[in-house]
Amino acid sequence: RRSGLYVLSVVTLITVAIWRSNATVEAPNERPNELSVHDNSKSSHKVCKFDTSQRGGIDFYGIAANQAKSGFPIGVEVGAYDGQDASQMVDSGLKVFSFEPSKINYNRCVENYPPKKHKRLQFVNAAASGENGFVEFFDDGGTGACVGCNEGRDPSKGSKIKTRSVRLENAPELKGKLAKVGIIKIDTQGHEPSVFSGMENWMRSPEAPPMIQFEFDVCLMKSAGRTPKEIVAFLQSLVDAGYTLADSSVSDFESKYYAFEDLKSSGATFF
């Protein structure tokens, strides 16, 4: 019943459309190159996107509502920040579990959406990652308060904290619920490959989530210590698990920015 599995990469970098599980992701010029655009929003299989707008013609919250009506009443968010996106997922009809490693951000979420008033929204103060245990990082309560990015390793950005680390497929909060998860949203500032490594068995199982949308930014992943080859291998692992990769659009600004980054990394600029 979950033969159509889809993953959406965020519109911050590349556009990929890979249709079969035996497809190959290639990396010309040492990084994933732009491939063809595919908007799958009007097919029987839904594709979701990262931001909260209608950009690219894909309505994320509309898709979340369709999932809730199609027998997948649970949504999972990784990277809550202020809880707004999780709240809108709830408004779409889902019961949502939102994982946030930052204690400051977690407290903000609980303050913005008190559990007694928002019974279908559960915030979890934990980092979704590739291992169960604990992780340490510097927490300033901003969007950079994350496990894998530069800000999280910078002592000037906040106090050092130790927080629980969980593989999503083993998270106690999701025990017995994996088969009901219809959509996952992941925004972790370059930590995404580690989050997915904690879902690898789940994604290959009959209970695999039919839709996953995530931020895909090579610069952030490189700042988190990932090499271009590792980033391509990460995308390939999703394809090998039976997912289709799709992105709705890449703006002119983004195209120019990453073109500049390519020139900069190759030493072709003076600054």
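What comes next concerns the included structure. Along each chain, residue indices are assigned from 1 in the same order as the chain's sequence is written. Local features are withheld for residues below a pLDDT of 70 in this predicted model, meaning they are given only at 70 or higher, and side-chain atom pairs are given and counted only at 80 or more; totals for whole chains, interfaces and linings count all residues. To get the side-chain values, take all heavy atoms of the structure and skip hydrogens and water.

**Comments concerning the overall build of the protein**
We count a stretch as a helix when DSSP gives it H or I for four or more residues in a row; a strand needs E for two or more, and each element gets its number in order from the N terminus. Counting secondary structure elements, the protein contains eight helices and ten strands. Exposed residues in this analysis have more than 50% of their type's maximum accessible area, buried residues have under 20%, and partly exposed residues fall in between, with area computed by a 1.4 Å probe over protein chains only. Relative to its 271 residues, the protein shows a buried fraction of 52%. Whether two residues are in contact is decided by their heavy atoms, any of which lying within 4.5 Å being enough. Taking contacts inside the protein between residues at least 6 apart in sequence as the whole, the part at least 24 apart equals 72%. Total accessible area on the protein stands at roughly 12500 Å², and carbon and sulfur atoms take up 50% of it. In short, Shrake-Rupley with a 1.4 Å probe defines the accessible areas, and a residue's cover is counted only from the protein chains shown.

**A few points about the nonpolar core**
Core analysis: the largest hydrophobic core is formed by 35 residues, its most contacted members being Phe99, Leu168, Ile186, Phe196 and Met199. Among the elements that make up this core, the one with the highest residue count is helix 7 (residues 228–240) (five residues). Apart from the residues within four sequence positions on either side, Ile186 is in contact with Val78, Glu192, Val195, Phe196, Met199, Ile212, Gln213, Phe214 and Glu215. Of all hydrophobic cores here, the second largest spans 17 residues; its members include Phe60, Leu94, Phe123 and Met211. We define a nonpolar core as any set of buried Ala, Val, Leu, Ile, Met, Phe, Trp, Tyr and Cys residues linked to one another through side-chain atoms lying within 4.5 Å.

**Section: unusual backbone geometry**
Even without being glycine, Tyr81 reaches a positive phi, approximately 60 degrees. Here Tyr81 lies in the loop between strand 2 (74–78) and helix 2 (84–91). Phi is positive for Gln189, which is not a glycine, with a value near 55 degrees. Inspection of the secondary structure assignment puts Gln189 in the loop between strand 8 (181–186) and helix 4 (192–197). Relative accessible area serves as the criterion here: at 17%, Gln189 is assigned to the buried category.

**Section: the sheet that holds strand 7 (residues 159–166)**
One open sheet holds the three strands; their spatial order is 5-7-6, and the pairing between them is mixed. Two strands close off the open sheet at either side, each with one partner strand: strand 5 (127–128) and strand 6 (133–139). Strands were regarded as paired on the criterion that DSSP finds at least two bridges between them. Note: strand 6 against strand 7, seven bridges, orientation antiparallel. Residue pairing for strand 7: Phe134 is matched across the bridge by Arg164.

**Notes on helix 1 (residues 60–69)**
Along helix 1, the residues that are buried comprise Phe60, Tyr61, Ile63, Ala64, Ala65 and Gln67. Considering only its buried residues, helix 1 is in contact with helix 2, strand 8 and strand 9 (211–214). Count one or two residues on from helix 1 and you reach Gly71, which has phi positive near 95 degrees.

**Some details on helix 3 (residues 103–112)**
Every buried residue of helix 3 is listed here: Asn105, Tyr106 and Cys109. One face of helix 3 carries all of its buried residues, which in axial projection span an arc of 100 degrees. Buried-residue contacts for helix 3 involve strand 4 (121–124). Structurally, the start of helix 3 carries an N-cap: the backbone nitrogen of Ile104 is 3.3 Å from a side-chain oxygen of Ser102. This arc is built from the directions going out from the helix axis to the C-beta atoms. A 3.5 Å cut-off defines polar contacts: any pair of N or O atoms within that distance qualifies, except that in protein one atom must be a possible hydrogen donor and the other a possible acceptor, and neighbouring residues in sequence count only when both atoms are side-chain atoms.

**A word on the packing of aromatic side chains**
Think of it this way: a Phe, Tyr or Trp ring, Trp meaning its six-membered ring, pairs with another when their centres are within 6.5 Å, and the plane angle makes it stacked under 30 degrees, edge-to-face over 60, tilted otherwise. By the definition in use, this model includes four aromatic pairs. Look at Tyr113 and Phe123: their rings are 6.4 Å apart centre to centre, the planes differ by 35 degrees, and that puts the pair in the tilted class. Of this pair, Tyr113 sits in the loop between helix 3 and strand 4 while Phe123 sits in strand 4, and the two are ten residues apart along the sequence. On the accessibility criterion, Phe123 (9% relative accessible area) is buried. Pairing Phe214 with Phe234 gives two aromatic rings, centres 5.8 Å apart and planes at 75 degrees, and the pair type is edge-to-face.

**A closer look at the pattern of salt bridges**
By salt bridge we mean one thing: a side-chain nitrogen of Lys or Arg within 4 Å of a carboxyl oxygen of Asp or Glu. In total, this model carries six salt bridges according to the counting rule given. When the shortest N-O distance is used, the salt bridge between Glu169 and Arg167 registers 2.7 Å. Residues Glu169 and Arg167 agree in their burial class; the two are buried. Linked through salt bridges whose partners overlap, the residues forming this network are Glu77, Asp85 and Lys185.

**Thoughts on the environment of Leu235**
Along the chain, Leu235 falls in helix 7. Using a relative accessible area of 1% as the deciding quantity, one classes Leu235 as buried.

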